[in-house]
Amino acid sequence: MVRKVVTTARLLAGFLVFLLGVPASAEPGFRLVSYNVENLFDLTRNGSEYADYVPNTGTGWNDAAARVKYANIASVLAGSGAHVAVLSEVESPEALARLQRALLHAGQPMAHGVVATHPTTVRCAVLSCFPISQTHEISPGPGMRSILRVTLNVTGIPLVVYANHWKSKQGPESERLPYARALTADIATLPSGTDYILAGDFNTNHNEWQRFSEEPRLNDTRGKTGINHLLGTIHNNAMVTEEKVVTGKGLHYNLWMELPPEKRWSYRFHGRKGSLDHILLPAALYDGKGISYVDGSFHRYAPEHLFRKGKIFRWQRADGGRGRHLGRGYSDHLPVCAEFRAGPFEVVRKGEPALRAPVPQAAPPEASVADLYNLPPGPANYRLRGVVVLYKAGSNAVVKSPGGRAIYLYKVGKALQPGWIVDMTVTRLADYYGLREVTAVTDMVRRGKADTGDHLLAVGDAVNLRDGSVVNEVVERVCGLYRDGWLQYGNGRSIRVYTVKGMRRPENDTHICLSRVRVGFHRDPELVLERVGQMK
């Protein structure tokens, strides 16, 4: 049970999170992710699809390939901790619904979604943990992809999200100006002070007016750009700052400016890096009411598995991307992410003047490890007390509430040692291919010493290691027959065995015993061998 500050009502809200994927409160924050998912087609043959995505033909686009594509895209959204996803290149409502099912399987449900209806092959879409109260499509012109405007109900606070996918860079800048004009015209219709976010694939760089010198073929507008000049991300020939967006009029702050120049890219074409995917914010996201931006939270979601040989691991096809679908890969874009919360804006980056006095922070509510499983991925603020460190491998660890559940600490357990009893504040949660893990902690205090053996999972005849309730536990000892990556143990039970890089795999048809091995999860539960001495 959550003690003291966390009430029964909050526990009920947490249960709703588990069932519906709806954050119980906007106060801890939520994450918006913008992601071009690269041709997310359904399996209905209606004559409008690209020739290489006609289902169940020689192209290789079939149910087997689609299962991989949808699962991979869902794993990216789940891994990024998205509560709101602005998507580009979704074919249809059927495609969006299938992605929602894949997200449910990945442990990151987003129950609310809408896809644009304009008659082009791929479209903008929005998925959300929050209810959608209103939708509207903005047409930049005949035959152009419409801009999707969605109003979300963020625990009673309206938030307008614009999903964009502008004309590609195969054409000059004049083909993108209509999108910027249509967008600025629609923004002008919003009531003053409306909280809104511009996101999506704008097919233009954050500093496009400067990049024209590198690609003069694009400059058929005498240096004028949609993103910089019409949307107001520059002022007096310089990128708009957070201070300027507050004091200026009709300006937008481009969150790419929070990253160092070498990291301002989410797409690479013929070796050239580009910042085509954007999240742009108006002054309303920096005021003292409604929804505010969490300063400094913008980042690219760029884990190692989204790259191959230094390149983005896009959806793979034979013959240099022109042949059959190979059933592996993700997208040719990286997602970009930003966090928001209810309440006033606060400057958190060192060296910048505060726009207002800091808001006093209350002590974090106390929670058990079990409570963390009922909270949404993303920012958190919960105090664990008296948890026991059961396991340590490098900078990773497993901690457990005595008599309760265990959880994995990813890359934040370097200072811990097995047997320690500690208090800590959990500040970020994540799901990696369905594995719930803690990815940020603070205020860690050692309280004493415990015998870890008292808290290990004993495997008897009644214990099923593939039961989700034992994921992240540390097994005392389990023996059985190893064959083709699986351990057959007990009375007809089996579980996959994963060996990390550098660990020797058992030989087939050998009897092995595994000791003090953790139960991980990668789409399904598995035993993870990552330390010498765990296997005999």
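Look above for the structure.
Summary of the structure given here.

About the cut-offs
- Residues numbered from 1 in each chain as written.
- Predicted model: local features only at pLDDT ≥ 70, side-chain atom pairs only at ≥ 80, totals over all residues.
- Heavy atoms only, no water.
- Disulfide = S-S within 2.5 Å.
- Helix = DSSP H or I, 4+ residues; strand = E, 2+ residues; numbered from the N terminus.
- Buried < 20%, exposed > 50% of the residue type's maximum accessible area, 1.4 Å probe, protein only.
- Pairing = 2+ DSSP bridges.
- Expected span 1.5 Å × (residues − 1).
- Polar contact = N/O pair within 3.5 Å; in protein donor to acceptor, adjacent residues only side chain to side chain.
- Contact = heavy atoms within 4.5 Å.

## Here we look at the state of the cysteines
Simply put, the disulfide is a covalent bond whose two ends are the sulfur atoms of two cysteines.
And step 1. All told, the structure shown has one disulfide when counted by the stated rule.
And step 2. There is a disulfide in this structure between Cys479 and Cys513, and the S-S distance comes to 2.0 Å. Measuring the twist about the S-S bond at about 110 degrees, one finds the Cys479-Cys513 disulfide to be right-handed. Taken together, the residues span a long stretch of sequence, with Cys479 in strand 27 (residues 474–483) and Cys513 in strand 30 (residues 510–521) at a distance of 34 residues.
And step 3. Classification of Cys513 by relative accessible area gives buried; the value is 10%.
And step 4. The closest cysteine sulfur to the non-disulfide-bonded Cys124 is located on Cys337, 18 Å from its own sulfur.
And step 5. A residue is classified by how much of its surface remains accessible, and Cys124, at 0% relative accessible area, is buried.

## Description of the sheet that holds strand 5 (residues 132–138)
And step 1. Taken together, six strands build an open sheet; the order of strands is 5-6-7-8-14-11 and the sheet is mixed. Strand pairing shows two members of the sheet lacking a second neighbour, strand 5 and strand 11 (253–254), which therefore form its edges.
And step 2. Examined bridge by bridge, strand 11 and strand 14 (residues 277–281) share two bridges and lie antiparallel to one another. Bridge pairing links Asn254 to Leu280 in strand 14.

## Details of helix 2 (residues 63–80)
And step 1. The end-to-end C-alpha distance of helix 2, which contains 18 residues, comes to 26 Å, matching closely the 26 Å that a straight helix rising 1.5 Å per residue would cover.
And step 2. Where helix 2 begins, the capping side chain belongs to Asn62, and its oxygen is found 3.2 Å from the backbone nitrogen of Ala64.
And step 3. Within two residues after helix 2, Gly81 carries a phi angle of roughly 75 degrees, on the positive side.

## Regarding the environment of Lys169
And step 1. Along the polypeptide, Lys169 turns up in the loop between strand 7 (157–165) and helix 4 (177–187).
And step 2. Exposure remark for Lys169: the relative accessible area of 15% places this residue in the buried category.
And step 3. Distance from Lys169 to Thr204, taken between C-alpha atoms, is 7.5 Å for residues 35 residues apart in sequence.
And step 4. Every residue in contact with Lys169, bar those within four places of it in the chain, is listed here: Arg176, Asn203, Thr204, Asn205, Glu208, Glu215, Arg217, Leu218 and Leu276.
And step 5. In terms of polar contacts, Lys169 uses its side chain to reach the side chain of Glu208, at 3.0 Å.

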